[in-house]
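Working through the structure, step by step
The residues making up each chain are set out below.
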Amino acid sequence: MKKQEKIIDDTLEYIKDIFKYDNGGHDYYHSLRVFKVGTIIAKKERADLFVVQMACLLHDVDDYKLFGGDIGGISKAQNWLVKQSVPTEKIEHICSIIKNMSYKGIDTKMGKTLEEKIVQDADRLDAMGAIGIARAFTVGATINSSIYNPDIKPRININKDEYVKMNKEKETTTINHFYEKLLKLKDYINTSTGREIAEKRHKYMEIFLETFLNEWDGKC
Ligand code: ADP
Ligand code: NI
């Protein structure tokens, strides 16, 4: 196997090319932020750093929403890892993490191994806090959602199919997205290090929503 540091550097270049264009909230910098937070959590939780870092970097390269294909596809990630001569058991671990990544309403799978838990936490944390707010409004604009419409009520506790349909058919608004997903994320954080970060980011979103709704109602 090549040196792990060299594989990480080459993988950074690889994903920079894959995410040349911002695909509405899933750009190169999203993967880079997930990698950075994943690294912090992995060190604190004494996980297999290489597995966490590689899964963070590759977690979106097969995303069906960005590149078509099936939910849970892993072909690009797997080919890349084989090309780097990563040992088979590590490839299997990294690919199984990538397969179970996405948040899917009440059908969301919680990580089984420590490394899987950490990568899920790092990805979910990037949808929270100040960055999460900025991403939500960017993605909302990309899918032509309104910022807010008091006549459209948030739909909570929906399953994977309903969540995908709702997003596809624009039955929601960006403010509703906070109630439908972003405010629930803190309950889907696996590790105690992740939970500490999530609490701060959650509070920041609550303050944002309270301020937004006050301003909406003309309460200055
Ligand atoms: P995942 O990263 O788990 O595959 P998504 O594609 O649902 O999940 O989310 C990616 C980013 O897009 C997140 O920042 C999320 O908040 C945002 N997003 C997803 N759906 C919406 C929506 N309907 N309105 C606004 N932002 C959205
Ligand atoms: Ni992601």
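It should be emphasised that the depicted structure is a prediction, and the values quoted were computed from it without experimental measurement.

Moving on: the side chain of His-59. Here His-59 lies in the loop between α3 (49-58) and α4 (64-67). At 3.2 Å, the side chain of His-59 and the side chain of His-30 are in polar contact. Every residue in contact with His-59, bar those within four places of it in the chain, is listed here: His-30, Ser-31, Val-34, Ile-98, Met-101 and Asp-123.

What follows concerns the coordination of the nickel ion (ligand 2). At the metal site, the nickel ion (ligand 2) is ligated by His-30 (NE2), His-59 (NE2) and Asp-123 (OD), and these contacts range over 2.1 to 2.2 Å. Read in sequence order, the donor residues for the nickel ion (ligand 2) give the motif H-x28-H-x63-D. Linking His-30 in helix α2 (residues 28-44) with His-59 in the loop between α3 and α4, this pair joins segments that are 29 residues apart in sequence. Both residues of the pair, His-30 and His-59, belong to the buried class.

Bringing the nonpolar core into the picture now. If you look at the biggest cluster of nonpolar residues, it comprises 54 residues, and the most contacted ones within it are Ile-15, Met-54, Leu-58, Leu-81 and Leu-125. In terms of residues, this core owes the most to one element, α3, which gives eight residues. The residues contacting Ile-15, other than those within four sequence positions of it, are Tyr-28, Ser-31, Leu-57, Leu-58 and Val-61.

For the rest of this paragraph, the subject is the packing of aromatic side chains. Taken as a whole and assessed by the stated rule, the structure comprises nine aromatic pairs. Measuring from centroid to centroid gives 6.1 Å for Phe-137 and Phe-178, while their planes differ by 40°, and the two rings are tilted. Here Phe-137 is found in helix α8 (residues 129-142), whereas its partner Phe-178 is found in helix α10 (residues 174-182), with 41 residues between them in sequence. Aromatic side chains Tyr-148 and Phe-212 sit 5.9 Å apart centroid to centroid with 85° between the ring planes, which places their arrangement in the edge-to-face category. Residue Tyr-148 is found in the loop between α8 and α9 (160-168), and its partner Phe-212 is found in helix α11 (residues 192-216); the two are separated by 64 residues along the sequence. On the basis of relative accessibility, which here comes to 16%, the residue Phe-212 falls in the buried class.

Cut-off values and rules
Residues numbered from 1 in each chain as written. Chains lettered and ligands numbered in written order. Predicted model: local features only at pLDDT ≥ 70, side-chain atom pairs only at ≥ 80, totals over all residues. Heavy atoms only, no water. Helix = DSSP H or I, 4+ residues; strand = E, 2+ residues; numbered from the N terminus. Polar contact = N/O pair within 3.5 Å; in protein donor to acceptor, adjacent residues only side chain to side chain. Contact = heavy atoms within 4.5 Å. Donors = N, O, S within 2.8 Å, 3.2 Å for Na, K, Ca; no water. Buried < 20%, exposed > 50% of the residue type's maximum accessible area, 1.4 Å probe, protein only. Core = buried A, V, L, I, M, F, W, Y, C linked by side-chain atoms within 4.5 Å. Phe/Tyr/Trp six-rings, centres within 6.5 Å; stacked < 30°, edge-to-face > 60°.

Geometric values such as these leave the question of function open.
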